[in-house]
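# Architecture and fold: a report
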Amino acid sequence: MKNPGNVESSEPNYDRQSMVESQLKTRGIRDERVLKAMATVPRELFVQEGHRKQAYADCALPIEHEQTISQPFTVACMCQALGLTGNETVLDVGTGSGYAAAVLSCLAAKVFTIERIPELAATASDRLQQNGFSNVVVTTGDGTRGWPEHAPYDAIVVAAGGCDLPPPYVEQLRESGRIVMPLGRDNSRQNMVRFQKNNGTITREHLGTFVFVPLIGDFGWAANSP
Ligand code: SAH
């Protein structure tokens, strides 16, 4: 679409590169593969039309059904914490716009992503297929139960804040695999935690405070919790 005179929206490549420099490199994102993926995926494809100009802004943005597309730094931070090398099978819980799944698709061999809101899952699936992210499979369902059919996963990443680590994730995670997931009771602030499975034991490490929408499901919050 032509947008004469509007530098921000007519030069997305420039905005993307400057987002990588100013929001990611300066805040400790050092994994070259993550930086490259973030510099490659066109975030403007995943935001609502009215927010295209803010596609590379340093914040989360609203998407349909009162959900959000995560802040670029949050996506980069979670991807870096997974330590992907390119051969992995990843489960992405909370597809939302599909943006994080698209970034993960550049970092892993196969991405399975699950979203509880059917309309979001359908839109994200079309978007990902139409834009060549062919190693991503989207489904609708309660992602707190994981997606047993494609397990075991080398990595599981959760884009919504839960109350505790859902037991199905531990069962569906490969030995030495990692889970990155926000946890916390406060709806406006969660601790991002990295779990690692070693000899069947789960260790946890705190990565910082972030803001996520709630993870709603059998092993998450109830849909009507405050
Ligand atoms: N990764 C997304 C972020 C979306 S926000 C992106 O890049 O745009 C988190 C999403 O998690 C929301 O769309 C919400 O509907 C979804 N969600 C919440 N609980 C869920 C559950 N139990 N299973 C699957 N998706 C869930």
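Figured I'd write up the structure that's included with this text.

## Some words on the nonpolar core
Core analysis: the biggest nonpolar cluster contains 47 residues, and L24, M38, Y99 and V103 have the highest contact counts within it. Considering each element in turn, this core owes the most residues, eight residues, to helix 4 (residues 72-82). Residue contacts for V103: discarding those within four places in its chain leaves A37, M38, V41, V75 and C79. One finds L91, Y153, A160 and V213 within the second-largest nonpolar core, a separate group that totals 19 residues.

## Looking at the site of the ligand
Residues in close proximity to the ligand total 25 residues, the closest being T68, S97, E115, G143 and I216. At 3.1 Å, a backbone N or O of A100 approaches an oxygen atom of the ligand. Within the backbone of G143, a nitrogen or oxygen atom sits 2.8 Å from a nitrogen atom of the ligand. Relative to its unbound accessible surface of 580 Å², the ligand loses 99% to contact with the protein. At the level of secondary structure, the elements contributing two or more residues to the shell around the ligand comprise strand 2 (67-69), helix 5 (99-105) and strand 4 (110-115). Counting residues per element, the shell around the ligand draws most heavily on strand 2, at three residues. When grouped by side-chain class, the residues that make up the shell around the ligand number 12 nonpolar, 10 polar and three charged.

## Describing helix 6 (residues 118-130)
The first and last C-alpha atoms of helix 6 sit 18 Å apart over 13 residues, in line with the 18 Å expected at 1.5 Å per residue. Within helix 6, the full set of buried residues consists of L120, A121, A124, R127 and L128. All buried residues of helix 6 project into a common sector of 135° when viewed along the axis, lining one side. Following helix 6 by one or two positions, G132 adopts a phi angle in the positive range, close to 85°.

## A few points about the pattern of salt bridges
For the structure shown, the criterion picks out seven salt bridges. Residue D154 is joined to R174 by a salt bridge in which the shortest nitrogen-to-oxygen separation is 2.9 Å. You can see D154 sitting in strand 6 (residues 153-158) and its partner R174 sitting in strand 7 (residues 173-183), a full 20 residues away along the chain. We classify R174 as partly exposed; its relative accessible area is 37%. Put simply, E205 and R194 hold a salt bridge, and the shortest N to O gap is 2.8 Å. Highlighted residues: E205 in strand 9 (residues 201-210) and R194 in strand 8 (residues 190-198), separated in sequence by 11 residues. For E205, a relative accessible area of 37% puts it in the partly exposed group.

Cut-offs used in this document
- Residues numbered from 1 in each chain as written.
- Predicted model: local features only at pLDDT ≥ 70, side-chain atom pairs only at ≥ 80, totals over all residues.
- Heavy atoms only, no water.
- Core = buried A, V, L, I, M, F, W, Y, C linked by side-chain atoms within 4.5 Å.
- Buried < 20%, exposed > 50% of the residue type's maximum accessible area, 1.4 Å probe, protein only.
- Helix = DSSP H or I, 4+ residues; strand = E, 2+ residues; numbered from the N terminus.
- Contact = heavy atoms within 4.5 Å.
- Near = heavy atom within 4 Å.
- Polar contact = N/O pair within 3.5 Å; in protein donor to acceptor, adjacent residues only side chain to side chain.
- Areas by Shrake-Rupley, 256 points an atom, 1.4 Å probe, with all protein chains shown as cover.
- Nonpolar A, V, L, I, M, F, W, Y, C, P; charged D, E, K, R; others polar.
- Expected span 1.5 Å × (residues − 1).
- Arc of directions from axis to C-beta.
- Salt bridge = Lys/Arg side-chain N within 4 Å of Asp/Glu carboxyl O.

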